[in-house]
Amino acid sequence: MTSQAAPQTLISGSLVIAGRAVAGAAADEVTDPATGTVIGIAPVSSDEQVDDAVQSAAQAFGPWAALPATKRSAHLTAIASWIRQHAADLATTLTLEQGKPRSEAVGEVDAAAKAFDYYAAEAVRVRGETIPTGSPTLRSVAIRQPMGVAAAIGTWNYPLGIMAWKIAPALAAGCTVVAKPAEQTPLTVLAVVAGAADAGLPPGVLNSVSGTGAEAGARLASHPLVRKISFTGGTATGRRLLHMAADDIKSVTLELGGHSPMIVLADAPMDLAVADAVKRSFRNAGQLCNSVNRVFVQRSVAEQFTERVTERAAKLTLGHGLADPEPNLGPLTTADGLARVEAHVADARARGAQIRTGGSRATDGELAGGLFYQPTVVVGDGELLMAREETFGPVVPVIVVEDADEAVARANSLDAGLVSYLYTRDLRSATLLSERLEFGTVNVNNVGGGDVPFPYAGWKHSGLGIELSRAGMEEYLRVKHIRTELGYQ
Ligand code: TXE
């Protein structure tokens, strides 16, 4: 493995308020989770700066909403181009602050550009409807208009991708935005917001603030001029934001934690199921809202499935995301996250579960300085903490079930309802089982992730509203009914 030193100069981020780059009221260090070294300095917004950012978005709202949709669309396309032109640097920053392997960072940057392209196309398709009335002189139309200032509050596992999924549909709809990245990984998002200004976005249309959730985040979310909150993060924070929004009747879209089941039935295409289980359990070191968090495998194929997944998991490599050759997994992004993985594995051991591979931190050589955890496969029962709570790490429990009915009942037994996976060759039973799974997404024989053309909705405690797709833009629009009587003298 090639050693990856900290960058020669620290990466520094600045806020954008009313189109101008401004320093924070304070500054915070950003650390590379693979080495523990400081790689950048991020601004921390004061309360006044958060208020200024919201004010500037509020001032920009009228003109932006009134701009012809074709022009708004062109601005989104320009942002996509800016991202693509700066993709290499953005991907490096992303790996340094978040930890994921470089090729995955490149993929995330590309996904962000695609989100701006997609919503550039949707911006010109905001449609209303004409409603027949009971009178020849009465006309009735319903139009859709933007909600106003949107707060986009993002998280650290896919900092740029997730933020683009909020900013792009909001701007397309005609909202203006104040973006707040997660305090652990602010630099890539701040760079893109600054880039949007360079790409010609009018001042105030897209602003950034930065800092902790309790300070900058709460100040932003509770600001009376913010009419829409779009949030991705933990369920506890989502619940808090919903309470906050209730006081002011703000519209809220939430994408919260998941606990994705993967159901592997006896007639599953086994090579595919094994490969996909490994892919979706360990990608981004398991820090995915749609990570496979529990596998329910039918008894007759359970041992062969588990053995094959274990064999592959044991071969996955760990290292710095910028190393050459590139590792399969980077570190966990946060020390708290690592502690939770350790607690979940300790719980599994205490309950007598089998740890088939992994089961401890990875501390060999250069890994010692980082937050690395070995890919871990556990065989146990549904009582394991990791089978009930989101581990958000490279750990997967395998649980044996007798049949499809038991698998579906267990899959539906938690409050989480984001994504589920189902493996079988019987497409009739797959269709019927899919309809019974209480999740916003059911993937049959694939582990495709969130992608901009497709609706992404968390059911139950996994969220509220829809992200991505055309419906994701409608979350930023409100309906107005205009009824006109023409029959006057
Ligand atoms: O998220 P938080 P955390 C899950 C995962 C993870 C857990 C907690 O299980 O371990 O959530 O992650 C801002 N007002 N997911 O603690 O705290 C905060 O600054 C306004 C699943 O990192 O929810 C950050 O910008 N904002 C998820 C953002 O909210 C507040 C991905 C997320 O922080 C705030 C990530 C407040 N009071 C974690 N408190 C997924 N669905 O993919 C915090 N914030």
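Up top is the structure these notes are about.
Residues numbered from 1 in each chain as written. Predicted model: local features only at pLDDT ≥ 70, side-chain atom pairs only at ≥ 80, totals over all residues. Heavy atoms only, no water.

## A closer look at the environment of aspartate 415
With respect to the secondary-structure elements, aspartate 415 resides in the loop between α13 (404–411) and β18 (416–417). Taking the relative accessible area as the measure of exposure, aspartate 415 reaches 47% and is therefore partly exposed. Separated by 176 residues in sequence, aspartate 415 and arginine 239 place their C-alpha atoms 13 Å apart. The residues touching aspartate 415, leaving out its near neighbours within four places in the chain, are Trp459, Lys460, His461 and Ser462. (Helix = DSSP H or I, 4+ residues; strand = E, 2+ residues; numbered from the N terminus. Buried < 20%, exposed > 50% of the residue type's maximum accessible area, 1.4 Å probe, protein only. Contact = heavy atoms within 4.5 Å.)

## Section: the sheet that holds strand β6 (residues 129–130)
Judged by pairing direction, the sheet is antiparallel, and its 3 strands sit side by side in the order β6-β7-β25 without closing on themselves. Among the strands making up the open sheet, the edge pair consists of β6 and β25 (477–485). Alignment of β6 against strand β7 (residues 138–146), held across 2 bridges, turns out to be antiparallel. Residue threonine 130 lies in a different strand from β7, and its bridge partner there is valine 141. (Pairing = 2+ DSSP bridges.)

## Comments concerning the sheet that holds strand β16 (residues 376–379)
Taken together, 7 strands build an open sheet; the order of strands is β15-β16-β17-β14-β13-β19-β20 and the sheet is mixed. Only two strands of the sheet have a single neighbouring strand rather than two, namely β15 (354–357) and β20 (441–444). On average, adjacent strands in this sheet sit at an angle of 25° to one another, irrespective of strand direction. By the bridge criterion, 4 bridges tie β16 to strand β17 (residues 395–401) in an arrangement that is parallel. Across the sheet, residue valine 378 finds its bridge partner in β17, namely proline 397. Taken strand by strand, helix α14 (residues 427–436) contacts β19 (419–423) and β20, and its axis lies near 170° from that of β20. (Axes fitted to C-alpha atoms, helices over the stretch in contact; angles between N-to-C directions.)

## What to know about the environment of glycine 380
The topology assignment puts glycine 380 in the loop between β16 and α12 (385–388). Sequence separation of glycine 380 and glutamine 354 is 26 residues, and the distance between their C-alpha atoms is 6.5 Å. Apart from the residues within four sequence positions on either side, glycine 380 is in contact with Ala353, Val398 and Ile399.

## What about the packing of aromatic side chains?
Summed over the entire model, instances satisfying the criterion amount to 3 aromatic pairs. Residues tyrosine 118 and tyrosine 119 carry aromatic rings whose centres are separated by 5.0 Å and whose planes lie at 85° to one another, so their mutual orientation is edge-to-face. In terms of burial, tyrosine 118 and tyrosine 119 fall into one category: buried. Consider the rings of tryptophan 165 and tyrosine 456, whose centres lie 6.2 Å apart with planes at 75°: the pair is edge-to-face. Of this pair, tryptophan 165 sits in helix α5 (residues 159–173) while tyrosine 456 sits in strand β21 (residues 456–457), placing them 291 residues apart in sequence. Overall, the relative accessible area of 13% leaves tryptophan 165 in the buried class. (Phe/Tyr/Trp six-rings, centres within 6.5 Å; stacked < 30°, edge-to-face > 60°.)

## Observations concerning the pattern of salt bridges
All told, the structure shown has 22 salt bridges when counted by the stated rule. With a closest N to O distance of 3.9 Å, aspartate 110 and arginine 84 form a salt bridge. Here the residue aspartate 110 occupies a position in helix α4 (residues 102–123), and arginine 84 occupies one in helix α2 (residues 69–85), the gap between them amounting to 26 residues. Its relative accessible area of 31% is what places aspartate 110 among the partly exposed residues. Glutamate 183 serves as the salt-bridge partner of lysine 180, at 3.5 Å between the closest nitrogen and oxygen. Judged by relative accessible area, which is 31%, glutamate 183 ranks as partly exposed. (Salt bridge = Lys/Arg side-chain N within 4 Å of Asp/Glu carboxyl O.)

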